[in-house]
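Summary of structural features
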Amino acid sequence: MMDYLISIDLFSASSASSPAAKSKKPTNKGGGSKKHVFESYMTFEEVSHGLKRGELIQVQSKCCRSLDDTRDIFLDGIVARNRALNGDIVVVKVLPREQWKVVRSDTDCEGTSESEIQREHVGQMAQKKTEHTQRPDGLVEDQDELQKSTLTDTGTVVYIVEKKHSRAATGFLKFLPDKPFAMFSPMDHRVPRINVPLADCPEDFTFRSGDYTNTLFICRIINWAADSNFAEGQLAKTLGQAGEIEPETEGILTEYDIDCSEFSDEVLDCLPKNLPWNIPPEEMAKRRDLRKECIFTIDPATARDLDDALSCKQLPDGNFEVGVHIADVSYFVEEGNALDAIASKRATSVYLVQMVIPMLPRLLCEELCSLNPLTDRLTFSVIWKITPEGKILSEWFGRSVIRSCVKLSYDHAQSMINAPEKMFSAEELPPVDPVHPIDEVHQAVLNLHSIAKNLRAQRFSGGALRLDQLKLSFTLDKETMMPQGCYVYQYRDSNKLVEEFMLLANIATAHHIYRRFPELALLRRHPPPKTKMLDELQELCDQLGINVDFSSAGALHKSLNTALGDDEYSSARKEVLTHMCSRPMQMALYFCTGVLKEEQLFKHYALNVPLYTHFTSPIRRYADIIVHRLLASSLRLSTQQVEKQAAHCNDKKMLSKRVQELSSDLFFGVFVKECGPLDSEAMVMGVLDQSFDVLVLRYGVQKRIYCKSVAGLDSFHHRKVGKKSELTLVWAAEDPEKPRVEQVRTTDSENKCFYYGGDWFLVL
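- As annotated in an unreviewed UniProt entry, the protein chain is DIS3-like exonuclease 2 from Anabas testudineus.
- The heading Sequence similarities (unreviewed entry) in the UniProt record of the protein chain holds the text "Belongs to the RNR ribonuclease family. DIS3L2 subfamily."

**Notes on the overall build of the protein chain**
- The helix and strand tally for the protein chain stands at 17 helices and 35 strands.
- If you take every contact in the protein chain between residues at least 6 apart in sequence, the share linking residues at least 24 apart comes to 69%.
- Of the roughly 34,900 Å² of accessible surface on the protein chain, a fraction of 50% belongs to carbon and sulfur atoms.

**Brief notes about the environment of S617**
- If you trace the backbone, S617 turns up in the loop between β27 (589-592) and α16 (622-631).
- Here S617 falls in the buried class, since its relative accessible area comes to 5%.
- Measuring from C-alpha to C-alpha, the distance between S617 and D305 comes to 9.6 Å, with 312 residues separating the pair along the chain.
- Discounting residues that sit within four places of it in the chain, S617 has contacts with D307 and D624.

**Topic: the pairing of strand β22 (residues 392-403)**
- Here two bridges tie strand β15 (residues 288-289) to β22, and the two strands are oriented parallel to one another. The residue of β22 that forms the bridge with D289 is V401.
- In this antiparallel pair of consecutive strands, strand β21 (residues 376-386) and β22, the connection spans five residues, and G390 shows a positive phi of 100 degrees.

**Focus on the UniProt feature "site: Important for catalytic activity" (unreviewed entry) in the protein chain**
- Under the UniProt annotation, the feature "site: Important for catalytic activity" (unreviewed entry) is placed at D307.
- With respect to the helices, strands and loops of the structure, D307 is situated in the loop between β16 (295-299) and β17 (308-314).
- With a relative accessible area of 4%, D307 lands in the buried category.
- The contact partners of D307, leaving out residues within four places of it in the chain, are H325, I326, A327, L371, T616, S617, P618, I619 and R620.

**Observations regarding the packing of aromatic side chains**
- According to the stated counting rule, one finds eleven aromatic pairs in the structure shown.
- Geometrically, the ring pair formed by Y331 and F332 is edge-to-face, given 5.1 Å between the ring centres and 85 degrees between the ring planes.
- The exposure class of F332 is buried, given its relative accessible area of 8%.
- The ring of Y491 has R466 sitting right over it, with the charged end atom 4.3 Å from the ring centre.
- Sitting over the ring of Y590, R524 keeps its end group 4.5 Å from the ring centre.

**Observations regarding the pattern of salt bridges**
- Taken as a whole and judged by the stated rule, the model has 36 salt bridges.
- With a shortest N-O distance of 2.4 Å, K237 and E250 are connected by a salt bridge. Here K237 is found in strand β14 (residues 231-241), whereas its partner E250 is found in helix α5 (residues 245-255), with 13 residues between them in sequence.
- E661 is the partner of R658 in a salt bridge, and the nearest nitrogen-oxygen pair spans 3.2 Å. One end of the pair is R658 and the other is E661, both in helix α17 (residues 639-675) and three residues apart, which spans about a single turn.
- Overall, the relative accessible area of 16% leaves R658 in the buried class.
- Judged by its relative accessible area of 32%, E661 is partly exposed.
- One network of salt bridges, with partners in common, ties together R456, R459, R466, D468, E499 and E500.

**With respect to the nonpolar core**
- Among the nonpolar cores identified, the biggest contains 95 residues, and F296, L310 and F501 are the most heavily contacted of them.
- The leading source of residues in this core is helix α12 (residues 493-516), at ten residues.
- Dropping the residues within four chain positions of it, F296 is found in contact with A309, L310, S404, C405, V406, L408, V441, A444, V445 and L448.
- F668, V684, V694 and V710 belong to the second-largest nonpolar core, a separate cluster that totals 26 residues.

**What to know about the sheet that holds strand β18 (residues 320-327)**
- Strands sit in the order β15-β22-β21-β18-β17-β16-β23 across an open sheet of seven strands; the sheet is mixed. Both outer strands of the open sheet, β15 and β23 (407-409), are each paired with one neighbouring strand and no more.
- Pairing between β18 and β21: eight bridges, direction antiparallel. Note that in β21 the partner of E321 across the bridge is K385.
- Along the sheet, helix α11 (residues 438-461) makes contact with β16, β17, β18, β21 and β23, crossing β17 at roughly 95 degrees.

Cut-off values and rules
- Residues numbered from 1 in each chain as written.
- Predicted model: local features only at pLDDT ≥ 70, side-chain atom pairs only at ≥ 80, totals over all residues.
- Heavy atoms only, no water.
- UniProt positions renumbered as here; feature names shortened; annotations may be inferred.
- Helix = DSSP H or I, 4+ residues; strand = E, 2+ residues; numbered from the N terminus.
- Contact = heavy atoms within 4.5 Å.
- Areas by Shrake-Rupley, 256 points an atom, 1.4 Å probe, with all protein chains shown as cover.
- Buried < 20%, exposed > 50% of the residue type's maximum accessible area, 1.4 Å probe, protein only.
- Pairing = 2+ DSSP bridges.
- Phe/Tyr/Trp six-rings, centres within 6.5 Å; stacked < 30°, edge-to-face > 60°.
- Lys NZ or Arg CZ within 6 Å of the ring centre and 35° of its normal.
- Salt bridge = Lys/Arg side-chain N within 4 Å of Asp/Glu carboxyl O.
- Core = buried A, V, L, I, M, F, W, Y, C linked by side-chain atoms within 4.5 Å.
- Axes fitted to C-alpha atoms, helices over the stretch in contact; angles between N-to-C directions.

Structure (structure tokens):
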């Protein structure tokens, strides 16, 4: 019953502006009724009763997972989605079982596979126009015919509870002769085509439309009538030329509703006025003074928002006093003021390749809250007495004051780990507080590294999982911010050191606040993988002769770290398998313990811990600020308010992650356009009937290769061997006298390929 009550509360606040309020049948100008393309929405009352009786289910249209996490609902096409867009909270009516569909495992529940909905970039639009067919509903779809495997609950949207999608899209305008509107084609194929009044278009568009072929626009949907395949919209802005970083970036940020505006005067008035700011004596008296301790930060070399610091002091008994010290952002961000409101709304900082869009004003991010060296700073600390083997003997939480003695980069810390006996000179490191000699800092790093190795070993032997995927990084021209090179980011021991103690602090904090506030704690759970997808992956691995144990997170981790063969492609197989294993994984989610009653649902699957939260990054995550307020017993929110904020943080976290991925895709595309072609080996990840997916090993990029677009390919044909797909490629011989070359592609096949002009090409 609680699930139904939550559902009703969620949409009651927005019912006044809900589609149900506008569900009257539209009529044409002549007064006759038009035929509906979409079903009219139910009324608020009908939905309320349907939810209570269990006849309707509330889901998020991105994943079509019921809010109680019990079932997936497949929405078969645009008509079933009924004008809902990706991410919207909707109410669904499940169809009779005889109308359920059989759905392929790599297809999302809105009827579009993940690899089909990636945003296009740099030189791909013209090519893609020839690879997609226009559907009568105004969307485009790949020519690949879906391979299907699993019978899935199938439904149709009957009500939109909350329009989470921004209704903004980036795309191109097309002139339509004899029409009073232009056709806007979004780059995201999940968004419908949009009719835009000509009066809303550039003044010279009607007679010089060809000048705008490669111009990006932002369009906002303002209406989508039940009798139309197409939405109606208004142009919000002309962005510039497609394929250029600034207009593409602006389009991404607008489309994903990322607030990158300057902070208002009302917000800035919440900040301290007397600068440089000093800690008031009365505040100092309330805190544990740690300024004489050897405390330091370890961050990326370019980081300017330093929100965590570490300390490690050996005790006479051979044990260690280890501290994690986190910027006390909640001291400056008072609950309920304008600064708190904007931080709550933004919920997270957004990291793009070339810039950061901060959650908080830069005075806080980079100065007052940043744990800059040789400066007194307010912190929340967790300090343990811990054995060299990593066993915790005691624990202390509290507000403190620190003075970081040095700002180390990951490179500096790694150098110390690599050379334990070396005496580092002052010139090799950033300025160090003379109170703490360089060798004291060096020894502290070595001790932390030793303890972290033991903690990490214990975590993985205890059943934790880590899916390491390649992360692409870029070197940028300092003046133009254009990409000069790209490389795969190296995750080293210095990164692992920091990660281990941040995890330890977050786990400790989760237990601490849950003990004190069992109905109000903001925690972070990670649901187990989707069962159907995991079963299908297990079946595929069995077909391929790959021994992978999916019975638990720990078993999977052990399997992935067992050599997959002993040839030159064993590491490549691990990369591919890691990517494949990531597909069934669900996102970790913030939640309030007073709402999710069953403790077994609190668990974090990947970490294999019962309780987890975020405490260590309050400068860039609003969830951490709430956790800090709980630690300080100063949170004045109710259970429902905490849950609402948790849901908002989840949404913004997801959008931020997607924007970061799109930014990386954009820079990679621009880099290849300027510096390509790039050669790389690739391994086949999956085979369809007219295409196959590959992992490009040098860059960690996934790409779908369409057989019809591969140069030199004479023909191809697909067949099933058991449940394994095989695609035979027949290549035309260079010498007409010689026979054609046949090549069979399955998952685990290797190929040479290169990227040029927006597409990957195969090389025999």
